[in-house]
Amino acid sequence: MRKRVLVWGGAAVAVVAAAALIVYFVRVGLDDADKLASVIALFVTAAGLGVAIYGLRSREDAEPQPGGVTASGAGSVAVGGDNSGVISTGDGTTNIHMSAEASGQGRVYQAGGDQTINER
């Protein structure tokens, strides 16, 4: 949810900035506006470079997990590569293995816990 809020916030800031620049371009003329746009582009580029370097450094600081994947938080599980099997987080979970086979045009439905099947 937090990521979605940040994306929408960034989009709103971009729209407001674009509208402000259009108003400014109309008021001062394209020659002066071009000079300002060049300066703004310099600062935006410098900020983008800083964010890119920060992103690369934070990836290097992350603790590598087997298979090249990471997980964080209570009960998180990271699985990478060609793996199959049962994972237990150790917090009172119950592992259930279900298997079924259908022949011809038969169907197999398997559901457990809070899963439901709705046919139309």
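That block above? That's the structure.
Notes on the structure follow. (Residues numbered from 1 in each chain as written. Predicted model: local features only at pLDDT ≥ 70, side-chain atom pairs only at ≥ 80, totals over all residues. Heavy atoms only, no water.)

## Examining the overall build of the protein
Then step 1. Tallying secondary structure elements over the protein gives two helices and zero strands in all.
Then step 2. Across the 120 residues that make up the protein, the buried fraction comes to 2%.
Then step 3. Partitioning the contacts of the protein with sequence separation of at least 6, the portion at a separation of at least 24 is 0%.
Then step 4. Accessible area for the protein stands at about 11000 Å²; split by element, carbon and sulfur atoms hold 57% of it. (Helix = DSSP H or I, 4+ residues; strand = E, 2+ residues; numbered from the N terminus. Buried < 20%, exposed > 50% of the residue type's maximum accessible area, 1.4 Å probe, protein only. Contact = heavy atoms within 4.5 Å. Areas by Shrake-Rupley, 256 points an atom, 1.4 Å probe, with all protein chains shown as cover.)

## Here we look at helix 1 (residues 2–28)
Then step 1. Taking 1.5 Å of rise per residue, 27 residues should cover 39 Å, and helix 1 covers 39 Å from first to last C-alpha, within 8% of that figure.
Then step 2. In the segment just after helix 1, G29 is the residue with positive phi, at about 95 degrees. (Expected span 1.5 Å × (residues − 1).)

## Description of a nonpolar patch on the surface
Then step 1. Together, L21, I40 and V44 give the surface a local cluster of nonpolar side chains, amounting to about 220 Å² of exposed area.
Then step 2. On the secondary structure map, V44 appears in helix 2 (residues 30–61). (Patch = residues over 30% accessible without salt bridge, like charges linked within 9 Å, V, L, I, M, F, W, Y side chains within 5 Å. Salt bridge = Lys/Arg side-chain N within 4 Å of Asp/Glu carboxyl O.)

## Quick notes on the environment of A33
Then step 1. Mapped onto the elements of the fold, A33 is located in helix 2.
Then step 2. For the pair A33 and L21, spaced twelve residues apart in sequence, the C-alpha separation works out to 8.4 Å.
Then step 3. What A33 contacts, discounting residues up to four positions off in sequence, is Y24, F25 and V28.

The quantities given are spatial measurements derived from coordinates; they are silent on function.
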